[in-house]
Amino acid sequence: MILDIVCVSPEQHTLAKELADSLSVSLNISQASSNRPYLDLSEDGLAFFHPAARSRKKLLIDFNSGASRWRIERASHEKLIKKALGRSDAPLNILDCTAGLLQDTLLFLSLGHRVTALEQSRIMFHLLEDAIHRSEDSSIFKNLDLINEDACSYIREVKNIDVVYFDPMYPKTKKSALSSGQLEYVEKVLEVESVSNNAAKEFEVLQSIPKKKLIVKRPIKAEPFSQELNYQVFGKTTRFDVYL
């Protein structure tokens, strides 16, 4: 993996060294190189930069403001995901197989459910852990178990899951080529780690997990992974395919 960890603050050097050892990359205590991807550890938190990204801003995940905070505060208004989950008299045990930026996991947690979120990228996992550590509302994460593993490997450990949630990366289109800066940075993270996925094959594996329901998030016009779905919940650009 071609990646540097930049840390200019002496107070952060021990943590930066642990991070570098964990990722098996080099630690740079001087200024970052402008032509290589790097993780920047500072008092503001852990951020990722890639020179080929359109955005000049680093990816710093923040659950205290912006889109993430907005989604937490309006979770009760998310009618589509609530309809896909269905009614339940007790909190659900949800396995989120594609943690990403934790956007959907935040909704599940805000609705009172328990979530095991899987993130296969080591970089994304550390960015998420850092953001959770910086969160001003730690109570929302009390029912979260964040695990650095891919879903196909984790299925051997799955126990007592009510809902399996799968949100694979959308197929690239001309419109998605102009996706938000954060989503582009997620793609760059996976590129740095040489992580690739076959969503159709992963879907087949996830079907074998004992559960009450499998929910798959798809673009509105995309073909379903299987014609044996039970029902669909449609939004304007996204839909949820539900398998019982």
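See above for the structure.
Definitions and limits used
- Residues numbered from 1 in each chain as written.
- Predicted model: local features only at pLDDT ≥ 70, side-chain atom pairs only at ≥ 80, totals over all residues.
- Heavy atoms only, no water.
- Phe/Tyr/Trp six-rings, centres within 6.5 Å; stacked < 30°, edge-to-face > 60°.
- Helix = DSSP H or I, 4+ residues; strand = E, 2+ residues; numbered from the N terminus.
- Buried < 20%, exposed > 50% of the residue type's maximum accessible area, 1.4 Å probe, protein only.
- Lys NZ or Arg CZ within 6 Å of the ring centre and 35° of its normal.
- Contact = heavy atoms within 4.5 Å.
- Polar contact = N/O pair within 3.5 Å; in protein donor to acceptor, adjacent residues only side chain to side chain.

A. Highlighting the packing of aromatic side chains. Counted by the stated rule, this structure contains 8 aromatic pairs. Consider the rings of phenylalanine 48 and tyrosine 185, whose centres lie 5.7 Å apart with planes at 80°: the pair is edge-to-face. Here tyrosine 185 lies in helix α7 (residues 181-192) and phenylalanine 48 lies in strand β4 (residues 45-49), a separation of 137 residues in the sequence. No difference in accessibility class separates phenylalanine 48 from tyrosine 185, as the two residues are buried. With centroids separated by 5.0 Å and ring planes inclined at 80°, the aromatic side chains of phenylalanine 108 and tyrosine 165 adopt a geometry described as edge-to-face. With phenylalanine 108 in helix α4 (residues 103-110) and tyrosine 165 in strand β8 (residues 163-166), this residue pair connects regions lying 57 residues apart in the sequence. Residue tyrosine 165 is classed as buried on the basis of its relative accessible area, which comes to 0%. Grouping aromatic residues by their ring pairs yields a cluster made of Phe166, Phe203, Phe225 and Tyr243. A cation sits over an aromatic face here: arginine 218 above phenylalanine 225, 4.2 Å from the ring centre.

B. Geometry of the environment of glutamine 232. Inspection of the secondary structure assignment puts glutamine 232 in strand β10 (residues 231-234). Under the relative-accessibility criterion, glutamine 232 is labelled partly exposed at 30%. Between the C-alpha atom of glutamine 232 and that of arginine 74, which follows or precedes it by 158 residues, the distance is 23 Å. The contact partners of glutamine 232, leaving out residues within four places of it in the chain, are Arg239, Phe240 and Asp241. Within polar-contact distance, the side chain of glutamine 232 engages the side chain of aspartate 241 at 2.9 Å.

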